[in-house]
Every structure is written in structure tokens, then in C-alpha cells.
There are 2 protein chains.
Amino acid sequence: MQLTSRGRYAVSAMVDLAKHQNEGPITLSSISERQFISLSYLEQLFRKLRENNLVESVRGPGGGYLLAVEPKDITISHIMSAVNETIQTTMCKTDETGCHRGSRCGTHNLWSALGLHIKFFLETVTIQNVCDDKDFLNTLKAVEKTLSKQ
Amino acid sequence: MQLTSRGRYAVSAMVDLAKHQNEGPITLSSISERQFISLSYLEQLFRKLRENNLVESVRGPGGGYLLAVEPKDITISHIMSAVNETIQTTMCKTDETGCHRGSRCGTHNLWSALGLHIKFFLETVTIQNVCDDKDFLNTLKAVEKTLSKQ
DNA sequence: GTTATACCCGACTCTTTTAGTCAAGTTTAA
DNA sequence: TTAAACTTGACTAAAAGAGTCGGGTATAAC
């Protein structure tokens, strides 16, 4: 199980964009240089980000990309799904090819709980949080404490 | 990002084993039938589970596999790492090929927090819990409540 | 109106990982 | 002796991921 570059690059680029928000349209080549991501690959990613209304483009010289939404309203989850980086923890379908040939397998609840666990994290954190480099570890400790009480 | 069959199959097989614990050695072919996993593939997985001391084998007729540890002491994390299903959320290295050419990228803390978040879940849940089909969703709600207060 | 900048788009290739198979063993109870 | 069942290494095919390439189009500046 591995987080792919696609998702990580997309988030890095969006954070970069957020940090330079007040400088007008930001070119992909500048992001490319700062984030060590190839220009062609960025173009691919930004196509999807634009189609999902996370960024706006300005064409022509002096053009570039702008955030279409405030950083505090863009979650990691938004970005990840925009570039098709979905979190799949189950393979369960209702047909014959599904997790247990139609019926629920004994581990179904486990995997869907894991899926929700991850989903919640990604939906909670915004790129504003990342820009502020919010201390995620403190948040996590609170989670662990709660879980341990169960 | 996707949980692969390897990890899911291994957990299913271990849960199956736990549920038939008191019946003596369990053959892979019986697990194969119950869990819809090919025998050859199971053999591959159980080699790793044995090498990691999670199961014991009994050879010859009447043989099979036994849990080497109590179900309450086997976490999902143990099983996953035994079959090399690791959770990689970062690509960070300290060399030139790392996340930001030596220095820390702006999203490093985000991804390592995600990694810890998942790790904690997998280390908390045991196969005993899965056998009992513990209500994971209630647990998760408590987590969400805690996080929302932040 | 020409030019250069920078976004736009589809198709393609290369590599790695995963899933699953196969063909041999070896051990041991009956 | 036989058959059940584990043991092992190697192999193949399919899928996904990472990244490239070669063209486009819009538009500001001159």
C-alpha cells in the first residue's frame, strides 16, 4: 500500500500555489523549479485540478494558475480525488467477483473502517493547515488517547 | 492508493485460522475453499507468515497450520508487515533523490502524520477484534469527535 | 501582425508492482 | 509404501504508475 507521486505532487503544487497566492498568476515552470516536478507532469496534474475547479488558469504571457478556492476550504481529500488518487481499502462488490462471492467477507467491516479512518484525516486537513505547518502530531496524540479508552 | 490483495488475503486467512483454532491443524486447502483464495497463493503467503512466527506448520497427513500466537496478540499490522504490505506515505530520503533534494519538503509533516494515523489503526486492531466483529464504526465516531474539538 | 509566453490536450512508452501459476521437492501419518 | 500436506524457487501475465512527446491554442507585448 503506497501513496503515489500523483497525489503527493498535486498537494505539493497546491501548497506552493497557496504560498504564492498574492503574487498573481503562478507559472507551472516556477512550480516545477521549486518543487522538483517535471513541467509535463505538472501540466497533466493541473488539467485535472482545473477540471475539478480547484484552480483557475490565465493564458498567454504573464499567465499561470490561481487558486479557485480559499486555502482553508481546500482539503487534501479534494486534491487527491481531483487527480484520481483514491483510497481503496476494499474490493467488495455485490456480484460474483466481489469480496466473498456475494456475501460479506469476515473482514469487510475492518477494511471499511480503515477506509473511513483515512478518509476522515484527509477531509479534515486543509492546505491552509499545511501552509501553517500545523502540528499534526499533537492532533494524532489526542486521537490515540481517545481510541485507547475504548 | 490501494490496499492490495496480498494484505487482505493474509488477514482473511489468519482470521479464518483463528476461528478454527480449536480444531487442530488447519489445511490450506480448507482455507482456500472457505476464503476463495487459490492454494498456490496461500502457500506463498503462509511461507511469510511462518517466517515471521505468526503461524506454526505441521507437516504430513493430518497436518496444516496453527496460530503461533494468541489472536488477541496478533495485530493487523503484524500480518501486513509479514507479507510485505507496508504503508508508505512518504518517499523522503536524505539523499539527492529524496522528497526535496536533501531538505524537508513542505508537505513532509502532513504525510508522516497520515502514516502514523494509519499505523495506529493497524496496530490497535487485533484479529481477535475482527473475529468478534467489533463495531469499528463506533470507535471511529469517537475519533472524529476528538479531532473536531481541535 | 508577428512573436514569445504559457496554458491545453491526446497519445504514447517504459518501468515497476502485483497477482497468480507451475513444477518440482520434503516430511510424516496411516 | 502411499498419499496428504507443507516447502521452495522460478516464472508469467496483467495492471498501474511515472513520465515523455509532439503537437496544439490564447493572448500580451512589441
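Below or above, wherever it landed, is the structure these notes cover.

## What about the overall build of chain A?
- In terms of helices and strands, chain A carries seven helices and two strands.
- In chain A, the succession of helices and strands from N to C terminus is α-α-α-β-β-α-α-α-α.
- Counting every position in chain A, which comprises 150 residues, the buried fraction comes to 47%.
- A separation of at least 24 residues holds for 60% of the contacts in chain A among residues at least 6 apart in sequence.
- When the accessible area of chain A is evaluated, it comes to approximately 7600 Å², of which 45% is carbon and sulfur surface.

## Some thoughts on the pairing of strand β1 (residues 55-58) of chain B
Residues and elements named next belong to chain B.
- Here β1 pairs with strand β2 (residues 64-67) via four bridges, running antiparallel. Looking at the pairing, Ser57 lines up with Tyr65 of β2.
- Hairpin geometry of β1 and β2 is characterised by an intervening segment of five residues between the two adjacent antiparallel strands and by a positive phi of about 85 degrees at Gly60.

## Some remarks on the packing of aromatic side chains
Residues and elements named next belong to chain A.
- Summed over the entire model, instances satisfying the criterion amount to four aromatic pairs over all chains.
- Each ring, one from Tyr9 and one from Tyr41, has its centre 5.8 Å from the other, and the planes form 85 degrees; the classification is edge-to-face. Of this pair, Tyr9 sits in helix α1 (residues 5-19) while Tyr41 is found in helix α3 (residues 39-51), placing the two residues 32 residues apart along the sequence.
- The class of Tyr9 is partly exposed, set by a relative accessible area of 26%.
- Judged by its relative accessible area of 26%, Tyr41 is partly exposed.

## Some details on the side chain of Ser77 of chain A
- Residue placement: Ser77 of chain A occurs in helix α4 (residues 76-82).
- Once residues lying within four places of it in the same chain are set aside, the contact partners of Ser77 of chain A are Leu122 and Glu123 of chain A.

## Concerning the packing of α1 of chain A against helix α2 (residues 28-35) of chain A
Residue and element names in this part refer to chain A.
- Put simply, α1 and α2 touch, their axes get as near as 10 Å, and they point 115 degrees apart. The orientation of α1 with respect to α2, classified from their angle, is roughly perpendicular. As for the relative orientation of α1 and α2, their crossing is right-handed in sense. Of the residues in α2, those in contact with Ser12, Ala13, Asp16 and Leu17 of α1 are Ile31, Arg34 and Gln35.
- Of the residues that constitute the contact of α1 with α2, the class distribution is three nonpolar, two polar and two charged.

## Side note on the environment of Lys48 of chain B
Residue and element names in this part refer to chain B.
- Checked against the element boundaries, Lys48 lands in helix α3 (residues 39-51).
- Take Lys48: its relative accessible area is 24%, and that puts it in the partly exposed class.
- Considered as a pair, Lys48 and Asn84 are 36 residues apart in the sequence and their alpha carbons are 8.6 Å apart.

## Comments concerning the protein's contact with DNA strand D
- Around DNA strand D lies a shell of 27 residues, among which Ser5 and Arg59 of chain A together with Arg50, Ser57 and Tyr65 of chain B are the nearest.
- For DNA strand D, the backbone portion of the atoms within 4 Å of the protein, that is sugar and phosphate, comes to 62%.
- In the environment of DNA strand D, a phosphate oxygen lies 3.2 Å from a nitrogen or oxygen atom belonging to the backbone of Leu28 of chain B.
- Broken down by secondary-structure element, the contributors of at least two residues to the surface near DNA strand D are α1 and α3 of chain A together with α3, β1 and β2 of chain B.

## Topic: the packing of helix α5 (residues 108-124) of chain A against helix α5 (residues 108-124) of chain B
- Contact geometry for α5 of chain A and α5 of chain B: axes closest at 10 Å, N-to-C directions at 155 degrees. Judged on the interaxial angle alone, α5 of chain B and α5 of chain A are roughly antiparallel. Along this stretch, α5 of chain A crosses α5 of chain B, giving a crossing that reads as right-handed. Across from Leu110, Ala113, Leu114, His117, Ile118, Phe121 and Leu122 of chain A in α5 of chain A, the residues of α5 of chain B making contact are Leu110, Ala113, Leu114, His117, Ile118, Phe121 and Leu122 of chain B.
- When grouped by side-chain class, the residues that make up the contact of α5 of chain A with α5 of chain B number 12 nonpolar, two polar and no charged.

## A word on unusual backbone geometry
Residues and elements named next belong to chain B.
- Even without being a glycine, Phe36 presents a positive backbone phi close to 55 degrees.
- Among the structural elements, Phe36 can be located in the loop between α2 (28-35) and α3.
- Exposure remark for Phe36: the relative accessible area of 36% places this residue in the partly exposed category.

## Comments concerning the side chain of Thr89 of chain B
- Mapped onto the secondary structure, Thr89 of chain B falls in the loop between α4 (76-82) and α5.
- At 2.9 Å, the side chain of Thr89 of chain B and the backbone oxygen of Trp111 of chain B are in polar contact.
- Leave out the neighbours within four places in its chain, and Thr89 of chain B touches Leu3 and Arg8 of chain A together with Trp111, Ser112, Leu114, Gly115 and Ile118 of chain B.

The rules behind these values
Residues numbered from 1 in each chain as written. Chains lettered and ligands numbered in written order. Predicted model: local features only at pLDDT ≥ 70, side-chain atom pairs only at ≥ 80, totals over all residues. Heavy atoms only, no water. Helix = DSSP H or I, 4+ residues; strand = E, 2+ residues; numbered from the N terminus. Buried < 20%, exposed > 50% of the residue type's maximum accessible area, 1.4 Å probe, protein only. Contact = heavy atoms within 4.5 Å. Areas by Shrake-Rupley, 256 points an atom, 1.4 Å probe, with all protein chains shown as cover. Pairing = 2+ DSSP bridges. Phe/Tyr/Trp six-rings, centres within 6.5 Å; stacked < 30°, edge-to-face > 60°. Axes fitted to C-alpha atoms, helices over the stretch in contact; angles between N-to-C directions. Parallel < 35°, antiparallel > 145°, perpendicular 65-115°, else oblique. Left-handed = near helix turned anticlockwise from the far one by under 90°. Nonpolar A, V, L, I, M, F, W, Y, C, P; charged D, E, K, R; others polar. Near = heavy atom within 4 Å. Polar contact = N/O pair within 3.5 Å; in protein donor to acceptor, adjacent residues only side chain to side chain.

Spatial relationships are all this shows, so hold off on functional conclusions.
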